[in-house]
Amino acid sequence: MNGRFITFEGIDGAGKSTQIAAAVALIAAHGHTVVQTREPGGTPLSEKLRELALHEPMHLETEALVMFAARREHLAARIEPALAAGEWVVCDRFSDATYAYQVGGRGLGADKFAVLENWVHPGRQPDLTFLFDLDPAIAAARIAATRSEGDRFEREQADFFTRVRHAYLERAAACATRFHVLDATRTPQAITAEVENVLKARFFQ
Ligand code: TYD
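Conventions and cut-offs
- Along each chain, residue indices are assigned from 1 in the same order as the chain's sequence is written.
- Local features in this predicted model are restricted to residues of pLDDT 70 or higher, and side-chain atom pairs are both shown and tallied only at a pLDDT of 80 or more, whereas totals for entire chains, interfaces and linings draw on every residue.
- With hydrogens and water excluded, all non-hydrogen atoms of the structure serve as input to the side-chain values.
- Any residue with a heavy atom lying within 4 Å of a molecule or strand is counted as near it.
- Side-chain atoms alone can form a polar contact between residues adjacent in sequence; in general such a contact is a pair of N or O atoms within 3.5 Å, and within protein one must be able to donate a hydrogen while the other accepts it.
- Surface accessibility in these figures is a Shrake-Rupley result with a 1.4 Å probe; residues are shielded only by whichever protein chains are displayed.
- A run of H or I in DSSP becomes a helix once it reaches four residues, and a run of E becomes a strand once it reaches two; helices and strands are each numbered from the N terminus.
- Ten residues, namely Ala, Val, Leu, Ile, Met, Phe, Trp, Tyr, Cys and Pro, are considered nonpolar, four, namely Asp, Glu, Lys and Arg, are considered charged, and the remaining ones, Gly among them, are considered polar.
- Burial classes follow relative accessibility: with a 1.4 Å probe on protein chains only, a residue under 20% of its type's maximum area counts as buried, one over 50% as exposed, and anything between as partly exposed.
- In this analysis, two residues are considered to be in contact whenever any of their non-hydrogen atoms come within 4.5 Å of each other.
- For two strands to be treated as a pair, DSSP must find at least two bridges joining them.
- Axis definition: a line fitted to C-alpha atoms, limited for helices to the stretch in contact. Angles are taken between N-to-C directions and run from 0 to 180 degrees.
- Each crossing gets its handedness from the near helix: less than a right angle anticlockwise from the far helix is left-handed, clockwise is right-handed.
- Side-chain rings of Phe, Tyr and Trp, where Trp is taken by its six-membered ring, are said to pair if the distance between their centres is within 6.5 Å; with planes under 30 degrees apart they count as stacked, over 60 as edge-to-face, and otherwise as tilted.
- Working rule: Lys NZ or Arg CZ, within 6 Å of ring centre, within 35 degrees of ring normal, means a charge sits over the ring.

J.: Can you help me understand the site of the ligand in this one?
T.: The full set close to the ligand counts 17 residues, and Asp 12, Arg 93, Thr 98, Gln 102 and Phe 153 are the nearest of them. Take Arg 71: an N or O atom from its side chain is 3.2 Å from an oxygen atom of the ligand. One of the side-chain nitrogen or oxygen atoms of Arg 93 is found 3.0 Å away from an oxygen atom of the ligand. Considering the ligand on its own, with 550 Å² of exposed area, one finds that the protein chains cover 90% of that surface. Elements supplying a minimum of two residues to the shell around the ligand: helix H2 (44-55), helix H3 (60-84) and helix H4 (95-106). For the shell around the ligand, the leading source of residues is H4, giving four residues. Of the residues in the shell around the ligand, the class split is six nonpolar, two polar and nine charged.

J.: Looking at this model, I keep getting lost on the environment of Ala 139. Mind explaining?
T.: Within the secondary structure, Ala 139 is located in helix H6 (residues 136-146). For Ala 139, a relative accessible area of 1% corresponds to the buried category. Dropping the residues within four chain positions of it, Ala 139 is found in contact with Ile 11, Asp 12, Gly 13 and Leu 134.

J.: Just to check I follow, could you spell out the environment of Val 198 for this structure?
T.: Among the structural elements, Val 198 can be located in helix H8 (residues 188-203). On the accessibility criterion, Val 198 (11% relative accessible area) is buried. Spatially, the C-alpha atom of Val 198 lies 24 Å from that of Val 164, the residues being 34 residues apart in sequence. Among all residues touching Val 198, those that are not within four sequence positions of it are Leu 128, Phe 130 and His 180.

J.: It is not clear to me how the pairing of strand S4 (residues 128-133) should be interpreted in this structure. Could you clarify?
T.: Each regular strand shows side chains that alternate between the opposite faces of the sheet. Of all six residues in S4, six are buried; the element is thus mostly enclosed. Both faces of S4 are covered, namely the face carrying Leu 128, Phe 130 and Phe 132 and the face carrying Thr 129, Leu 131 and Asp 133. Here strand S1 (residues 5-10) pairs with S4 via five bridges, running parallel. By the bridge assignment for S4, Ile 6 is matched with Leu 128. Here five bridges tie S4 to strand S5 (residues 179-183), and the two strands are oriented parallel to one another. Paired with Phe 130 across the two strands is His 180, which belongs to S5.

J.: Even after reading the chapter, I still don't get the packing of helix H1 (residues 16-29) against H8, so can you show me in this structure?
T.: Two quantities define a packed helix pair, namely the angle between the axes and the distance from one axis to the other. Running from N to C, H1 and H8 point in directions that differ by 40°, and their axes come no closer than 10 Å. Considering the relative orientation of H1 and H8, their crossing is right-handed. Along its contact with H1, which presents Gln 19, Ala 22, Ala 23 and Leu 26, the element H8 presents Pro 188, Ile 191, Thr 192, Val 195, Glu 196, Leu 199 and Lys 200. When its residues are assigned to classes, the contact of H1 with H8 shows seven nonpolar, two polar and two charged.

J.: Help me understand the packing of aromatic side chains in this model?
T.: Think of a pair of aromatic rings as described by two things: how far the centres are apart, and how the planes are tilted against each other in angle. Going through the model one piece at a time under the given rule, you end up with 13 aromatic pairs. Arranged with centres 5.7 Å apart and planes meeting at 90°, the rings of Tyr 101 and Phe 153 form a pair that is edge-to-face. Of this pair, Tyr 101 sits in helix H4 while Phe 153 is found in the loop between H6 and helix H7 (158-174), placing the two residues 52 residues apart along the sequence. In this structure Tyr 101 comes out as buried when scored by relative accessible area, which is 5%. By relative accessible area, which is 5% here, Phe 153 ends up buried. Ring centres 5.3 Å apart and planes at 85° place the aromatic pair Phe 160 and Phe 161 in the edge-to-face group. Like Phe 161, Phe 160 is buried. The aromatic ring of Phe 94 is capped on one face by Arg 71, whose charged end is 5.2 Å from the ring centroid. Between Arg 152 and the ring centre of Phe 153, over which it is positioned, the NZ or CZ distance is 5.3 Å.

These results come straight from atomic positions and should not be treated as a statement about function.
Okay, here's the thing in structure tokens:
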């Protein structure tokens, strides 16, 4: 039996990391082998592309192509083999991030995004996507409190993250059965409880 593919999304500073760890622990406790990974990244080549994407200034279409190049490799080398072997894959960001950041944030044409998505993963979407939704001002304050310089995306201004947030919400509305939107202003404990409840309701009943 094929495994499940679960992704976590949200603007920078939304607090995904702790919750990813909790989800992985819960899935493992139900006896499944879980691959925890991230995008851009997840393979040696894709991690090199991540370095470029996060730190090297580039044209917005180059940026989208680098994200999808990293994704193509990640799918071929890691995600698809794991799912085919019955393993579960928990991934920090996937194509919804490209829609939110490159289409929503940067202004890439949605038609170009659709071409790349259909090319790189026709018929493959996550089984479940958690979207951590919060006001960019709160996220920015969290980032300022915990991180030093930040990458090219973290240094963007509030209006960029407002566009990213709205693109995420638009995509969640368009794919309502796949997405679970969380209020990321709540305490980490409350969010963990919600993540666990959703996983149990969808997969472990
Ligand atoms: P992130 O995954 O949040 O890692 P960290 O927590 O270490 O900062 O950072 C990845 C950044 O890349 C994030 O700002 C969003 C951006 N990104 C895109 O712009 N497009 C994409 O397709 C993906 C996967 C990420």
